[in-house]
Amino acid sequence: MSSLKISEAGTVQFPMVNHSVEIGWTPLTPEIAREKRGGDAGTFFRDDLGNKLKDFNHWLSDDNTRSIIETLDALPATIEGNRELLSWIRGERQWYDENEQRHRAVKLLDFDRSEANTFHVTWEWKIKPHARKGNRADVMYVINGIPVCIVEHKHPKDGDALERAVKQLRRYELETPELIAAPQLFNVTHLLDYWYGVTWNVNRRDMARWKQKPEETYRFAVQSFFERTDFLRTLQHWILFYVQDGETRKSVLRQHQQRAIDSVLGRCLGPLKHRGLIWHTLGSGKTFTLLTSARLILED
């Protein structure tokens, strides 16, 4: 049973879970999720992750599968470890195929067929490292056994709800970095506003309000953000790591940047027109828009 205040859980947390279930996410109770993680210190649904590794990579032996999971589990709870995990999620890491005696790319998620993946949503996701204080996320989204998005909810009547949620996410970095070691994205919501950003960069100026047309309800915002195919695209393309002033940084492209990139790619695929113009305003993120466009053009 939830230990959250009834008003907070009833108006925000459980409606979010229900809205996600309506678009294909499977709900898991905290007890089942904890069992699948192997206890409060666990991060991955090891059985789910192992099954998908074998489904997507038939050449992996059982020992290989276990070794890959142990490798992922041993990644440090830092922004660098988070970046390495995203590289694994995107299929950019390899493992040695003993039969063919060569290294081969390892596939953890199927970005082309969303139905080939398992999508879980659970709540009260507690991480309790050994001999240290633990913390608990309100909601966690998990794909193929890998936590991908952490959500903080606040009471809709609290005037400083978003600020308190942001401070809570920052506190996780200091007290329980294991809680955000795997998730790539975060949501902050109090029913009236719906904000998103990337883990390891909890800064209000780098957060964005999720906007869609028509003017969205809370249900519409949740379901458009977590629509399974679009969410997979976010993991595959829209999250960026970069180095600034000698430090690893992380960002996520906003909706207008994503639309611009799709327009660029569409123009490149068009048989008649060979040029295009993108009009940017100051601070619109044109550098990341053009870098991502160039990368996707070269990869196609």
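Source: prediction; values computed, not measured. (Residues numbered from 1 in each chain as written. Predicted model: local features only at pLDDT ≥ 70, side-chain atom pairs only at ≥ 80, totals over all residues. Heavy atoms only, no water.)

(A) Representation of the overall build of the protein. Secondary structure summary: the protein contains ten helices and eleven strands in total. Whereas a compact globule of 300 residues would reach a radius of gyration of roughly 19 Å, the protein reaches 20 Å, a difference of no more than 12%. Principal-axis analysis of the C-alpha atoms gives the protein an extent of 60 × 55 × 40 Å. The buried share among the 300 residues of the protein stands at 50%. Partitioning the contacts of the protein with sequence separation of at least 6, the portion at a separation of at least 24 is 64%. Just so you have it, the protein exposes about 15,300 Å², and 51% of that area is on carbon and sulfur atoms. Across the protein, the mean location of the 43 positive side-chain charges is 5 Å away from that of the 41 negative side-chain charges. (Helix = DSSP H or I, 4+ residues; strand = E, 2+ residues; numbered from the N terminus. Rg over C-alpha atoms; globule rule 2.2 N^0.38 Å. Buried < 20%, exposed > 50% of the residue type's maximum accessible area, 1.4 Å probe, protein only. Contact = heavy atoms within 4.5 Å. Areas by Shrake-Rupley, 256 points an atom, 1.4 Å probe, with all protein chains shown as cover. Lys, Arg positive; Asp, Glu negative; His and termini not counted. Charge placed at Lys NZ, Arg CZ, Asp CG, Glu CD.)

(B) Structural detail: helix 7 (residues 218-225). The buried count for helix 7 comes to six of eight residues, which makes it a mostly enclosed element. Among all positions in helix 7, only Tyr218, Ala221, Val222, Gln223, Ser224 and Phe225 are buried.

(C) Inspection of the nonpolar core at higher detail. Counting 77 residues, the largest nonpolar core has Tyr141, Phe226 and Phe231 as its most contacted members. Setting aside its immediate chain neighbours within four residues, Phe226 contacts Met16, Ile23, Trp25, Tyr141, Cys149, Asn187, Tyr194 and Phe231. (Core = buried A, V, L, I, M, F, W, Y, C linked by side-chain atoms within 4.5 Å.)

(D) How the structure looks around the sheet that holds strand 1 (residues 26-28). A sheet is described by the order of its strands in space; here seven strands give the open sequence 1-4-5-6-7-8-9, paired in mixed fashion. The sheet terminates laterally at strand 1 and strand 9 (208-209), the two strands that pair on one side only. Alignment of strand 8 (residues 194-198) against strand 9, held across two bridges, turns out to be antiparallel. In the sheet register, Tyr196 faces strand 9, and the bridge partner there is Ala208. Helix-sheet contacts for helix 7 involve strand 5 (135-143), strand 6 (146-153), strand 7 (185-189) and strand 8, and the interaxial angle to strand 8 is about 25°. (Pairing = 2+ DSSP bridges. Axes fitted to C-alpha atoms, helices over the stretch in contact; angles between N-to-C directions.)

(E) Fine view of the environment of Val264. Along the chain, Val264 turns up in helix 9 (residues 255-269). Using a relative accessible area of 17% as the deciding quantity, one classes Val264 as buried. Remark: the alpha-carbon pair of Val264 and Gly39, spanning 225 residues in sequence, is separated by 46 Å.

(F) The arrangement of the side chain of Asn135 in detail. By secondary structure assignment, the location of Asn135 is in strand 5. Accessibility expressed as a relative area gives 8% for Asn135, which makes it buried. Among the polar contacts made by the side chain of Asn135, one reaches the side chain of Glu175 at a distance of 3.1 Å. Excluding residues that lie within four positions of it along the chain, Asn135 makes contacts with Trp125, Lys126, Ile127, Arg171, Tyr172, Glu175, Thr176 and Leu179. (Polar contact = N/O pair within 3.5 Å; in protein donor to acceptor, adjacent residues only side chain to side chain.)

(G) Up close: the pairing of strand 11 (residues 247-252). Summarising the sheet, strand 10 (residues 239-244) and strand 11 pair through six bridges and their orientation is antiparallel. The residue bridging Ile239 from the neighbouring strand is Val252, located in strand 11. Counted along the chain from strand 10 to the antiparallel partner strand 11, the turn is two residues long, and its residue Asp245 has a positive phi close to 55°.

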